[in-house]
Every structure is written in C-alpha cells, then in structure tokens.
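Fold and geometry: a report
So you can see what is in the structure, the chains are spelled out below.
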Amino acid sequence: MTPVAIGIDLGGTNCRAALVGRQGRIGAMSRRPTRMAAGYSAWLEELAEGIEALLRQGRALGLMVAAVGMGAPGLITADGTVVTSPNLPALDGRPLAVDLAERLQLPVVVANDANAIAWGEALFGAGRDFTSFLTMTLGTGVGGGLVLGRRLWLGADGAAGEVGHWTVVPDGRPCGCGNRGCLEQYASARALAVLARERMDAGEPSALAQIAAAELTSRQVGDAARQGDALALAVLEEAGGYLGQVLGGIANLLNLDGAVIAGGAVDSFDLMHPAILRELRRHAFAVPGRRLAVVPGRLGDEAGILGAAALAGFFEQL
Ligand SMILES: [Zn+2]
C-alpha cells in the first residue's frame with residue numbers, strides 16, 4: 001500500500017482535513033464545524049471519528065496512512081502541546097498531539113497553523129522558488145511562518161514567526177495580545193474591514209457605506225478598491241505600507257529571498273503590492289531590499305492541510 005498522511009487545518013470556525021500524498025492532496029477534503037462547547041474530550045473524540053472516516057477512505061483507495069499532521073491556532077510547543085490558543089481556549093495547556101496519537105494509535109504532529117501554511121507553500125506553492133522566506137497569513141489576525149535554508153524555523157520554544165505582533169504604531173490600536181500598535185491591527189483581513197468602517201464613521205464617503213457594519217469583509221473592501229473607491233484604496237494602501245515597513249526590517253535582519261503573502265486578504269495582494277514595495281525599499285538597505293521578492297501564496301485554503309501533512313514527518317525536508 002502507498003503510504004500517505006492526513007493533513008488537518010483546525011480553525012476557530014471549521015476543521016478541514018484531507019489525505020495527502022507526496023504530490024499533494026488526494027481525494028476530497030472533509031469540512032466540519034469546530035465544536036468545543038462540550039469540552040476538550042468530547043471535541044477530541046469527534047475529531048478522532050472524523051479522522052477514522054478518512055483512514056477508511058484511504059484503505060479503500062489502497063493507501064496506508066502513516067501519520068497525522070495538524071495546524072492549529074496558538075502557541076504550540078515542539079511536542080504538540082498547545083500553550084495558549086486565544087481563539088480556542090479549550091485547548092489551552094492540552095497535550096493535543098499526545099492525546100490524539102494515543103486515541104488513533106498513529107504518529108501525530110501538531111504545529112502552529114501559520115507554520116503549517118508556510119511549510120505547505122514551501123513544498124507545494126509559492127515558496128518552492130525561495131531558499132529562505134517568510135509567509136504572512138492575512139486572516140482574522142496576521143500569522144507568520146519562517147523558512148530558513150529550506151527548514152521551518154520554530155525557535156527555541158516553537159514560538160518563532162509571530163510577525164503579526166510586530167509593533168508598527170507605538171501606542172497604536174490595542175491588540176488581543178495585550179500590546180498596542182501590532183501589525184495585525186492594521187493589515188489582517190479583519191483589520192481592512194475595521195479600518196474602512198472607522199473611516200466611514202469619521203465621515204469619509206465610500207460605496208461601502210451601503211453595507212451593514214457587521215457584514216463588511218476584506219473582499220468587499222478589495223472589490224470597492226477595484227471600482228476606484230478612494231476610501232477602500234486608502235485602506236489597502238495603508239495596510240500595504242505597514243506590511244512593507246515590517247518586511248523592510250526583516251529584510252535587513254535576515255536577507256531573505258522571499259516573502260509570501262497568504263490568507264483571506266491575498267485577493268487584494270495586487271492592490272497592496274505597490275505600497276508594500278515602496279515601504280520595503282524605504283526601510284531596507286538597497287541590497288536586501290532588492291533581493292526580497294514579495295509574492296502572493298499559490299495554495300489558498302489548502303496550504304495549511306498540505307503543510308501539516310508534510311510536517312507529520314512523512315515527507316523528507318527538502
Ligand atoms: Zn498583538
């Protein structure tokens with residue numbers, strides 16, 4: 001039987017999983033709501049049952065599942081213990097990899113979701129072109145994953161890559177991490193909608209004013225910008241500028257060859273790119289600034305699943 005892995009992307013709203021082989025995803029992707037109201041143990045059992053359904057699917061296809069990899073939000077140690085997960089607090093302190101491995105009787109790796117996305121792009125997507133790169137995932141927050149010399153850099157405690165909490169505005173907007181002025185308050189997909197709404201509340205005109213405050217999304221901001229809406233263009237310009245500012249510092253520090261912008265707001269990458277490059281060049285020295293290619297992710301929703309499966313140890317590191 002051909003050995004494969006199961007890759008899982010655990011989000012605050014949904015949990016998606018698929019069988020993954022050396023060339024990428026195999027077959028259908030399963031999607032279930034993330035239900036943790038009944039507590040950790042009940043959720044873990046439901047997750048395990050979903051994985052067992054995929055194991056059966058694999059067997060029917062003549063595939064042997066050798067390992068399970070999961071990307072989960074939060075600070076996760078190298079042994080797959082969730083130290084803290086602000087969006088899924090039921091996981092705090094849980095040895096998730098050990099618990100799931102015991103239940104499934106399979107090797108299990110649990111990694112930070114943004115690291116899984118970075119590793120997915122490294123092996124199967126936009127990161128294939130780079131030796132060393134940073135992935136910035138613009139979603140509810142801004143996640144980060146750092147690949148150095150074709151290795152995922154986890155840091156001493158597994159906590160590396162948290163670029164979303166890089167201070168871009170001293171004493172700026174309050175952030176969920178307890179600090180102020182973090183990048184993710186200005187450049188996450190959620191921030192694009194929040195910043196657009198604030199400008200409208202301050203009296204700036206925009207076509208977006210027709211949309212109810214709670215329903216405004218980053219995609220709508222991007223769509224309005226494409227129609228020439230001045231407010232939407234200004235929000236994307238501001239977000240791109242902050243991304244470029246951070247990338248300038250990172251270019252000087254690490255002299256990376258790439259930065260991959262992923263996550264929900266990647267739809268607006270082309271609209272932010274000029275501001276990203278302008279601020280990158282302004283903040284970086286000429287040589288590392290020129291070297292750093294900033295590109296959109298290529299895998300969309302699948303990056304986390306593919307990366308998690310690969311991190312399960314089934315794939316040799318490149
Ligand atoms: Zn923060």
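Each remark here, short or long, concerns the structure printed above.
Let me sum up the structure you'll find in this document. (Residues numbered from 1 in each chain as written. Predicted model: local features only at pLDDT ≥ 70, side-chain atom pairs only at ≥ 80, totals over all residues. Heavy atoms only, no water.)

Let us now look at the packing of aromatic side chains. Here the structure, examined in full by the defined rule, presents three aromatic pairs. When the ring of tyrosine 40 is compared with that of tryptophan 43, the centres are 6.1 Å apart and the planes differ by 40°; the resulting orientation is tilted. Of the two residues, tyrosine 40 and tryptophan 43 are both situated in helix H1 (residues 40-60); the distance of three residues between them amounts to about one turn of the helix. Consider the rings of tyrosine 186 and tyrosine 242, whose centres lie 4.9 Å apart with planes at 55°: the pair is tilted. Residue tyrosine 186 is found in helix H4 (residues 184-187), and its partner tyrosine 242 is found in helix H7 (residues 230-254); the two are separated by 56 residues along the sequence. Just as tyrosine 186 is buried, tyrosine 242 falls in that class too. (Phe/Tyr/Trp six-rings, centres within 6.5 Å; stacked < 30°, edge-to-face > 60°. Helix = DSSP H or I, 4+ residues; strand = E, 2+ residues; numbered from the N terminus. Buried < 20%, exposed > 50% of the residue type's maximum accessible area, 1.4 Å probe, protein only.)

The five strands lie next to each other as E10-E9-E8-E11-E12, forming an open sheet whose pairing is mixed. Two strands lie at the open edges of the sheet, namely strand E10 (151-152) and strand E12 (293-296), each paired on one side alone. Packing of helix H3 (residues 113-124) onto the sheet brings it into contact with strand E8 (133-138), strand E9 (142-148), E10 and strand E11 (258-262), and relative to E9 it is tilted by some 50°. (Pairing = 2+ DSSP bridges. Contact = heavy atoms within 4.5 Å. Axes fitted to C-alpha atoms, helices over the stretch in contact; angles between N-to-C directions.)

What follows deals with the coordination of the zinc ion. Around the zinc ion, the donor atoms from the protein are His165 (ND1), Cys175 (SG), Cys177 (SG) and Cys182 (SG), and they sit 2.0 to 2.3 Å away. If you look at the zinc ion, its four donor atoms make angles of 106 to 118° with each other, and the shape they trace is tetrahedral. Taken in sequence order, the residues that donate to the zinc ion follow the motif H-x9-C-x1-C-x4-C. Residue histidine 165 is found in the loop between E10 and H4, and its partner cysteine 177 is found in the loop between E10 and H4; the two are separated by twelve residues along the sequence. Using a relative accessible area of 43% as the deciding quantity, one classes cysteine 177 as partly exposed. (Donors = N, O, S within 2.8 Å, 3.2 Å for Na, K, Ca; no water. Tetrahedral: all angles 85-135°; square planar, octahedral: opposite > 155°, others 65-115°.)

Our focus in this paragraph is the sheet that holds strand E3 (residues 24-33). Strand order across the open sheet formed by five strands is E3-E2-E1-E4-E7, with mixed pairing between neighbours. A strand with exactly one partner marks an edge of an open sheet, and here the two such strands are E3 and strand E7 (108-112). Sheet twist, expressed as the average angle between the axes of neighbouring strands with direction ignored, equals 20°. Here strand E2 (residues 14-21) pairs with E3 via seven bridges, running antiparallel.

With respect to the helices and strands, leucine 106 occurs in the loop between helix H2 (96-104) and E7. The spatial distance from the C-alpha of leucine 106 to the C-alpha of valine 65 is 8.6 Å, given a sequence separation of 41 residues. Not counting residues within four places of it along the chain, the set of residues in contact with leucine 106 comprises Leu55, Val65, Ala66, Val68 and Ala101.

Under the counting rule described, the total for this entry stands at 16 salt bridges. For glutamate 46, the salt bridge is made with arginine 35, and the minimal N-O distance between the two is 2.7 Å. Within this pair, whereas glutamate 46 is found in helix H1, its partner arginine 35 is found in the loop between E3 and H1, the two being separated by eleven residues in sequence. (Salt bridge = Lys/Arg side-chain N within 4 Å of Asp/Glu carboxyl O.)

Attention shifts here to the pairing of strand E4 (residues 63-72). When you tally the buried positions in E4, you get eight out of ten residues, the bulk of the element. In this sheet, E4 lies alongside strand E1 (residues 2-10) in parallel orientation, the contact comprising eight bridges. Looking at the pairing, proline 3 lines up with methionine 64 of E4. Of the strand pairs in this sheet, E4 and E7 are connected by five bridges, and their pairing is parallel. Bridge pairing in E7 places valine 68 opposite valine 108.

Our next topic: the nonpolar core. Looking at soluble globular proteins, one finds that nonpolar side chains tend to be buried together. Core analysis: the biggest nonpolar cluster contains 44 residues, and Met136, Leu183, Leu208, Leu247 and Val294 have the highest contact counts within it. Examining the composition of this core, we find that eleven residues originate from one element, H7, more than from any other. When sequence neighbours within four positions are dropped, the list of residues in contact with leucine 183 reads Met136, Val142, Val163, Gly164, Trp166, Val168, Ser188, Tyr242, Leu243 and Val246. Among the nonpolar cores identified, the runner-up in size contains 32 residues, and Ala48, Met70, Leu96 and Leu106 belong to it. (Core = buried A, V, L, I, M, F, W, Y, C linked by side-chain atoms within 4.5 Å.)

Time to look at unusual backbone geometry. Residue arginine 150 is not a glycine yet carries a positive backbone phi of 65°. In this fold, arginine 150 is placed in the loop between E9 and E10. According to the relative accessible area criterion, arginine 150 is buried, its value standing at 14%. Phi at aspartate 171 takes a positive value of approximately 60°, unusual for a residue other than glycine.

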